[in-house]
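Residues per chain, in single letters:
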Amino acid sequence: MSLRSACSECFRILSVPTRMKIYEHLGKATKSNVTELVGIVKLKQPTVSYHLKEMEGAGLVQSQRSGKEVFYKISGKCPYDNIECVLK
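Residues numbered from 1 in each chain as written. Predicted model: local features only at pLDDT ≥ 70, side-chain atom pairs only at ≥ 80, totals over all residues. Heavy atoms only, no water.

## Details of the sheet that holds strand 1 (residues 32–33)
Short version of the rule: Strand pairing requires that DSSP identify at least two bridges connecting the strands. Here a helix means four or more residues in a row that DSSP labels H or I, a strand means two or more in a row labelled E, and each is numbered from the N terminus. Every residue pair with non-hydrogen atoms within 4.5 Å of one another is taken to be in contact. Structural elements are reduced to axes, namely lines fitted to C-alpha atoms, with helices fitted over the stretch in contact, and the angle between N-to-C directions of any two is expressed from 0 to 180 degrees.
The sheet built from three strands is open, its strands ordered 1-3-2 with antiparallel pairing. Every interior strand has two partners, whereas the edge strands, strand 1 and strand 2 (61–66), have only one. When strand 2 meets strand 3 (residues 69–74), the two strands line up antiparallel, connected through six bridges. Within the sheet, the bridge partner assigned to Gln62 lies in strand 3 and is Lys73. Packing against the sheet, helix 2 (residues 17–28) makes contact with strand 1, strand 2 and strand 3, and its axis sits at approximately 85° to strand 3. In the packing of helix 4 (residues 45–57) onto the sheet, the strands contacted are strand 2 and strand 3, and the crossing angle to strand 2 comes to about 120°.

## Some thoughts on the nonpolar core
The following threshold applies: Here, the term nonpolar core denotes a set of buried Ala, Val, Leu, Ile, Met, Phe, Trp, Tyr and Cys residues that are joined through side-chain atoms within 4.5 Å. Each residue is placed in one exposure class: buried if its accessible area under a 1.4 Å probe, protein chains only, is under 20% of its type's maximum, exposed if it is over 50%, and partly exposed if it falls in between.
In terms of nonpolar packing, the biggest core is built from 17 residues, with Ile22, Leu26, Val48, Leu52, Met55 and Leu60 touching the most fellow members. Mapped onto this core, the elements with two or more residues apiece are helix 1 (3–13), helix 2, helix 3 (34–41), helix 4 and strand 3. When neighbours within four sequence positions are excluded, Val48 is seen to be in contact with Ile22, Val34, Leu37, Val38, Val41 and Leu43.

## What to know about the side chain of Ser75
Its place among the elements puts Ser75 in the segment after strand 3. Residues contacting Ser75, with those up to four places away along its chain left out, are Gly59, Leu60, Val61 and Gln62.

## Re helix 2
Short version of the rule: Expected span of a helix: the number of residues minus one, times 1.5 Å. Note that the arc is defined by the directions from the helix axis to the C-beta atoms.
Here helix 2 spans 17 Å end to end across twelve residues, near enough to the 16 Å set by a 1.5 Å rise per residue. Considered for burial, the residues of helix 2 that qualify are Thr18, Arg19, Ile22, Tyr23 and Leu26. Burial along helix 2 is one-sided: seen end-on, the buried residues are contained in an arc of 135°. Exposed side chains of helix 2 directed beyond 90 degrees from the buried face belong to Pro17, Gly27 and Lys28.

The following block contains the structure:
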């Protein structure tokens, strides 16, 4: 996969307004858990978790477990080329 098509995939993932809102929030906050993100996007927890799973699968966000909580943050590296992501 070329870098150009890889970036297209990331942009496709973020074309969903809820995911873009989550991404923007994570860009301002160091990290957030699902409960915080539910309050921001005003959707139910399973829906937010689904969006986070899609974003993590594309390499846009990373998760880190702390006890029972899972925190999410923006991945600073391109998931396809290991250079700094153009979206960061």
